[in-house]
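What the coordinates show
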Amino acid sequence: MGRVQFELLTYAIPAFAVLMLVEWIAYRRDPDRSGNGGSTRDTASNLTTFTVGRLVKPLMQYLVPFSAVVVAAAITPLHLSPRSWWVWVLGVIVTDLCYYWAHRADHRVRLMWTAHNVHHSSQHFNLSTALRLSWLHPIPNILRGLAWVPAALLGFPAWMIFLLQGIGLLYQFPIHTQRVRTLPRPIEFLFNTPSHHRVHHGSNKPYIDKNYGGILIIWDRLFGSFAAESEPVRYGLTKNIGTDNPLKVNYHELAALIRDVRAASTWRGRLGYIFGPPGWTERAVPEPVGAPAPGPARERAGQLAS
């Protein structure tokens, strides 16, 4: 995330606070409509995690002193002018597609999951959950940034890509809620909505590894990762971490990955624990005949932690 995104999210904090207050009041007045709306400890953990992330963000400039997007934008022979309106429309579509693949990798590559699982570790789902974001995970951040290199090579300016990334993150804040059930069908078909994103945060089997889209949900429909909200959502991980300690929330899965790598007996095992999907094991235990297959991403993630 570049400086443009950091400033954009910082300026949005007052709006975040107002919306969270409105949601909290609505939940207090009508808790049945919101279901598992949240808890004081969980909300405090979410806000603390976000605040620490904002405070230590400048350190990432030293840990990750370069951007692959900036390099790609500098070397590409293509250059699109942000003065044309259609470049902005195309930019939203292209950067959102890049986000889809980055987000899918967050769930399918365990090294990247060590950072992203923080966002999924809450067993509640409300606007404060949107702020439950990881901090100081430089290697996953470097790998994740590669997803937007194609946008830079197509000629979009680096600053524009970072700005559109930030706008995508802002879009996703209000869809972290149970207060909105469904929206009109055309919107539900094209765009990511609270209903679609509740599915994404579900840890019950129909919902695991579904609905990766940022602004648009059509990518999930196109690439076979879409699921509609069909049953009550169980939020959190398949094995929940049982703590609201922000430090443990942020680093529990990284600690689990390190333990697995140290215990591995082969290089195949070490690499599998790092680059395989969450739940991958060096020696898989055969499932009993007729037993349902476990969800691929998040099976081990509960050894702690959007």
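Presented here is a report on the structure given in the accompanying data block. Sequence order sets the numbering: in each chain, residues are counted from 1 along the sequence as written. Reporting of local features is limited, given that this is a predicted model, to residues whose pLDDT is at least 70; pairs of side-chain atoms are given and counted only at 80 or more, and all residues count toward the totals for whole chains, interfaces and linings. The side-chain figures draw on all heavy atoms in the structure; neither hydrogens nor water molecules are used.

What follows concerns helix H5 (residues 85-108). Numbering of helices and strands runs from the N terminus, with a helix taken as a DSSP run of H or I at least four residues long and a strand as a DSSP run of E at least two residues long. Every helix has an expected span of 1.5 Å times one less than the residues it contains. The first and last C-alpha atoms of H5 sit 35 Å apart over 24 residues, in line with the 34 Å expected at 1.5 Å per residue. Residues of H5 that are buried: Val87, Gly91, Val94, Thr95, Asp96, Cys98, Tyr99, Tyr100, Ala102, His103, Asp106 and His107. Where the residues of H5 are buried, they touch helix H6 (110-120), helix H7 (138-145), helix H8 (149-153), helix H9 (158-172), helix H11 (194-200) and helix H12 (218-223). Relative accessible area decides the class of each residue, using a 1.4 Å probe on protein chains only: under 20% of the type maximum gives buried, over 50% gives exposed, and in between gives partly exposed. The contact rule is simple, with two residues in contact once any of their heavy atoms fall within 4.5 Å.

We count a salt bridge whenever a side-chain nitrogen from Lys or Arg sits within 4 Å of a carboxyl oxygen from Asp or Glu. This structure, assessed with the given rule, holds eight salt bridges. Of the charged contacts in the structure, one is a salt bridge between Arg108 and Asp209, with a shortest N-O distance of 3.7 Å. Residue Arg108 is found in helix H5, and its partner Asp209 is found in the loop between H11 and H12; the two are separated by 101 residues along the sequence. Note on Arg108: relative accessible area 29%, which makes it partly exposed. Each of Arg110, Glu253 and Asp260 takes part in one network of salt bridges that share partners.

Within the chain, Asp209 stands out as a residue other than glycine whose phi angle is a positive 60 degrees. With a phi close to 55 degrees, Asn211 is a non-glycine residue in the positive phi region. One can find Asn211 in the loop between H11 and H12.

Following the sequence through the fold, Thr177 ends up in the loop between H9 and helix H10 (185-190). By relative accessible area, which is 5% here, Thr177 ends up buried. Here a polar contact means two N or O atoms within 3.5 Å. Within protein one must be a hydrogen donor candidate and the other an acceptor candidate, and residues neighboring in sequence count only if both atoms are side-chain atoms. Reaching out from Thr177, the side chain makes a polar contact with the side chain of Glu23 at a distance of 2.9 Å. At 3.1 Å, the side chain of Thr177 and the backbone nitrogen of Arg179 are in polar contact. Residues contacting Thr177, with those up to four places away along its chain left out, are Glu23, Phe125, Leu127, Pro194 and Arg198.

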